[in-house]
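# Report on the structure
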Amino acid sequence: MKNIVLFGPPGAGKGTQAEFLKTKYDLIHISTGDVFRYNIKNETELGLLAKSYMDNGNLVPDEVTIDMLKAEVDRNTAAKGFIFDGFPRTESQAESLDLFLAHKHSEIAGMIALEVPENLLVERLLNRGKTSGRSDDQDEVKIRNRFSEYESKTAILKNYYQIQNKYFGVDGVGSIEDITAKLEKVINRLGKSSK
Ligand code: AMP
């Protein structure tokens with residue numbers, strides 16, 4: 001299995017790039033944000049629970065998010081591997097993911113981070129908000145709060161994967177195609193040593 005964590009702050013382009021990479025490498029793309037939004041739209045119990053956190057740009061509690069992620073992975077028994085997009089976002093999520101995959105005799109091959117300066121991210125999110133309909137993309141206060149959550153809880157994961165020699169930073173500024181090409185270079189190298 002080749003499991004990849006696509007990492008980066010909100011607006012870095014994780015979802016856009018995952019769409020290309022999942023086809024190229026035949027991987028299942030799991031975006032925890034998308035799963036939450038699907039549940040909100042369908043007014044499930046999980047959706048109701050997640051909504052107030054998401055509306056304000058706060059992280060949904062770990063326990064809820066981790067259980068949901070595991071269920072998504074287990075729904076795809078025939079998968080050749082996964083692209084995790086928006087997960088893990090806390091150290092506790094990263095530890096749970098490692099344990100969960102270890103039970104399946106698998107692991108994270110690498111975390112690939114899209115590195116983009118914050119001023120560009122705000123611009124991208126506000127632009128996306130015009131078409132995505134996402135309230136958390138339309139309000140600069142909510143956007144800033146998402147960055148603050150990222151800085152205080154998520155950014156440390158760089159260190160978590162670096163210690164395992166699994167962190168790969170990629171410049172996320174430029175054309176979509178150029179960035180895809182850079183990501184593919186990293187993934188092709190990962191393939192040499194991953195399970
Ligand atoms: P995203 O689509 O990745 O930008 O996520 C949108 C929102 O969903 C976030 O601001 C959080 O409220 C929630 N969310 C998505 N993934 C996670 C996660 N791994 N842990 C906690 N909350 C999450």
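Here goes a summary of the coordinates provided. If you're wondering where the values come from, they're calculated on a predicted model, not measured in any experiment.

Looking now at empty space enclosed by the protein. For the coordinates displayed, the defined rule picks out one cavity of 30 Å³ or more. Taken together, Leu6, Phe7, Gly8, Pro9, Pro10, Lys14, Gly86, Phe87, Pro88, Arg89, Tyr150 and Thr154 make up the full set of residues lining the largest cavity. If you list the elements that add at least two residues to the lining of the largest cavity, you get strand S1 (3–7) and helix H8 (140–154). Grouping the constituent residues of the lining of the largest cavity by class yields seven nonpolar, three polar and two charged.

This paragraph deals with the packing of helix H2 (residues 32–41) against helix H4 (residues 62–74). Running from amino to carboxyl end, H2 crosses H4 at an angle of 95°, the nearest separation of the two axes being 11 Å. On the basis of their axis angle, the class for H2 and H4 is roughly perpendicular. Listed contacts from H4 to Thr32, Val35 and Phe36 of H2 are Thr65, Met68, Leu69 and Glu72. Split by residue class, the contact of H2 with H4 holds four nonpolar, two polar and one charged.

The next point concerns the pattern of salt bridges. Inspection of every chain in the model, using the stated rule, returns 16 salt bridges. Across the pair Arg144 and Glu118 runs a salt bridge, and its minimum N-O distance is 2.8 Å. Of the two residues, Arg144 is situated in helix H8 and Glu118 in helix H6 (residues 118–132); the sequence distance between them amounts to 26 residues. For Glu118, a relative accessible area of 36% translates into the label partly exposed. Close ionic contact of Asp137 with Arg128 constitutes a salt bridge, the shortest N to O distance being 2.8 Å.

Criteria and thresholds
Residues numbered from 1 in each chain as written. Predicted model: local features only at pLDDT ≥ 70, side-chain atom pairs only at ≥ 80, totals over all residues. Heavy atoms only, no water. 1 Å grid on protein atoms, 1.4 Å probe; cavity = no way out; pocket = protein on both sides within 12 Å on 5 of 7 lines; lining within 4 Å. Points joined across faces, edges and corners; volume = space filled by probe spheres on them. Helix = DSSP H or I, 4+ residues; strand = E, 2+ residues; numbered from the N terminus. Nonpolar A, V, L, I, M, F, W, Y, C, P; charged D, E, K, R; others polar. Axes fitted to C-alpha atoms, helices over the stretch in contact; angles between N-to-C directions. Parallel < 35°, antiparallel > 145°, perpendicular 65-115°, else oblique. Contact = heavy atoms within 4.5 Å. Salt bridge = Lys/Arg side-chain N within 4 Å of Asp/Glu carboxyl O. Buried < 20%, exposed > 50% of the residue type's maximum accessible area, 1.4 Å probe, protein only.

By themselves, these figures tell us nothing about what the structure is for.
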